[in-house]
Amino acid sequence: MRKKIVAGNWKMNTTLESAILLASEIDTRLADSKKNVDDVTVLLFPPFPFIHSVADVVNAEKIGVGSQNIANQPKGAFTGEVSAEMIASTGVGYIIIGHSERRAYYGETNEILAQKVDLALANNLDVVFCCGEKLEEREAGQYFDVIKTQLSETILKLSSDQMQHIIIAYEPVWAIGTGKTATPEQAQEIHAFIRNLLSEKFDDALADSVSILYGGSCKPSNAKELFSQPDIDGGLIGGAALKAEDFVQIIESY
Ligand code: PEP
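Residues numbered from 1 in each chain as written. Predicted model: local features only at pLDDT ≥ 70, side-chain atom pairs only at ≥ 80, totals over all residues. Heavy atoms only, no water.

**Digging into the overall build of the protein chain**
Heads up, the condition is: Secondary structure elements are taken from DSSP: a helix is a run of H or I of four residues or more, a strand is a run of E of two residues or more, and numbering for both begins at the N terminus. Between the two quantities, the radius of gyration covers C-alpha atoms and the globule rule is 2.2 Å times the number of residues to the power 0.38. Between buried and exposed lies partly exposed: a residue is buried under 20% and exposed over 50% of the maximum accessible area for its type, with that area taken using a 1.4 Å probe on protein chains only. Contact criterion: two residues are considered in contact whenever any of their non-hydrogen atoms come within 4.5 Å of each other. For accessible areas, the Shrake-Rupley method is used with a probe of radius 1.4 Å. Any residue's cover is judged against the shown protein chains and nothing else. Two residue types count as positive, namely Lys and Arg, and two as negative, namely Asp and Glu; His and chain ends fall outside the count. Every charge is mapped to an atom, namely NZ of Lys, CZ of Arg, CG of Asp or CD of Glu.
Helix and strand counts for the protein chain come out as 12 helices and 8 strands. Taking 18 Å as the expected radius of gyration for a compact globule of 254 residues, we find that the protein chain reaches 17 Å, a close match to that expectation. Considered along the principal axes of its C-alpha atoms, the protein chain spans approximately 45 × 45 × 35 Å. Sorting the 254 residues of the protein chain into buried and exposed places 52% on the buried side. Residue pairs at least 24 apart in sequence account for 72% of intrachain contacts in the protein chain once pairs closer than 6 positions are excluded. Approximately 11,700 Å² of the protein chain is accessible, and the part contributed by carbon and sulfur atoms is 50%. Across the protein chain, 22 positive and 35 negative side-chain charges occur, with their mean positions spaced 2 Å apart.

Next comes the structure, spelled out in structure tokens:
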């Protein structure tokens, strides 16, 4: 059975104080929840400087903490960069790689992303690997090809053992932070397509074991319908992850 996962990507938001408050409130609300939230894996991705403080205030048995980025080099003279080894040494277990904002604003190519995935896995981090098409690619009907290329040049090169540490997030770029959500049918179509790519490259058992999350303006009002699709195994949440109440409601909607 693949894991149900709801992950919060805080992006470049919060301060030390508000990050601790947000994490504590999520932790308390989850502990007090009357819904069955125990079978959902909850992940938080705060900004680098707050990772350790956030990990300190949440119940590690219920909430995993991770980093939004790592360098594509193992160590050395790369001023300002943070390595996979550094992240792993803080005790957190997860990393987001391939977010469309990193691809668009920091020129992260599939080649760079593949290097980051290798470094993350070599340091025992589980990877949330993002893929998704831009609006013009969707309108031109190229979205299957775009996603196939993003995955073929990166995670589909991994071994089946390495794939046990990969979570995929389908995030149509036109839905991220725009308020426009993919319809459950649009999202399901791509999730099934991704699972089929995994079957072709590996086998059905592996394809069935990989969690595929949806991301893009997911909120309490649309989460339930999205998560009820057969190939949608949870969400990567941006804006709505910054409000404890909304984030926990999304988790509860499972
Ligand atoms: C994201 O950036 O991963 C994301 C899904 O953002 P939002 O939920 O704000 O669209």
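**Side note on the site of the ligand**
Operational definition: Think of it this way: one heavy atom of a residue within 4 Å of a molecule or strand is enough to make that residue near it. The definition of a polar contact used here is a pair of N or O atoms within 3.5 Å, where within protein one atom must be able to donate a hydrogen and the other to accept one, and adjacent residues in sequence count solely through side-chain atom pairs. Residue type decides the class: Asp, Glu, Lys and Arg count as charged, Ala, Val, Leu, Ile, Met, Phe, Trp, Tyr, Cys and Pro as nonpolar, and the leftover types, Gly among them, as polar.
What surrounds the ligand is a group of 14 residues, the closest being Lys11, His99, Glu171, Gly177 and Ser217. One nitrogen or oxygen atom from the main chain of glycine 177 is found 2.7 Å from an oxygen atom belonging to the ligand. Across the shell around the ligand, the residue classes tally to 4 nonpolar, 8 polar and 2 charged.

**Concerning the pattern of salt bridges**
Proximity of charged atoms lets side chains of opposite charge pair with each other. The cut-off we apply is this: Here a salt bridge means any side-chain nitrogen of Lys or Arg lying within 4 Å of a carboxyl oxygen belonging to Asp or Glu.
Within the structure shown, the criterion is met by 12 salt bridges. Among the salt bridges present, the one from glutamate 25 reaches arginine 29, with a minimum N-O distance of 2.9 Å. On the criterion of helical spacing, the pair formed by glutamate 25 and arginine 29 is a turn pair, its members being 4 residues apart in helix α1 (residues 16–32). The class of arginine 29 is partly exposed, set by a relative accessible area of 33%. Connected via shared salt-bridge partners are Arg2, Arg195, Asp208, Asp231 and Asp233.

Just geometry here; none of it tells us what the structure is for.
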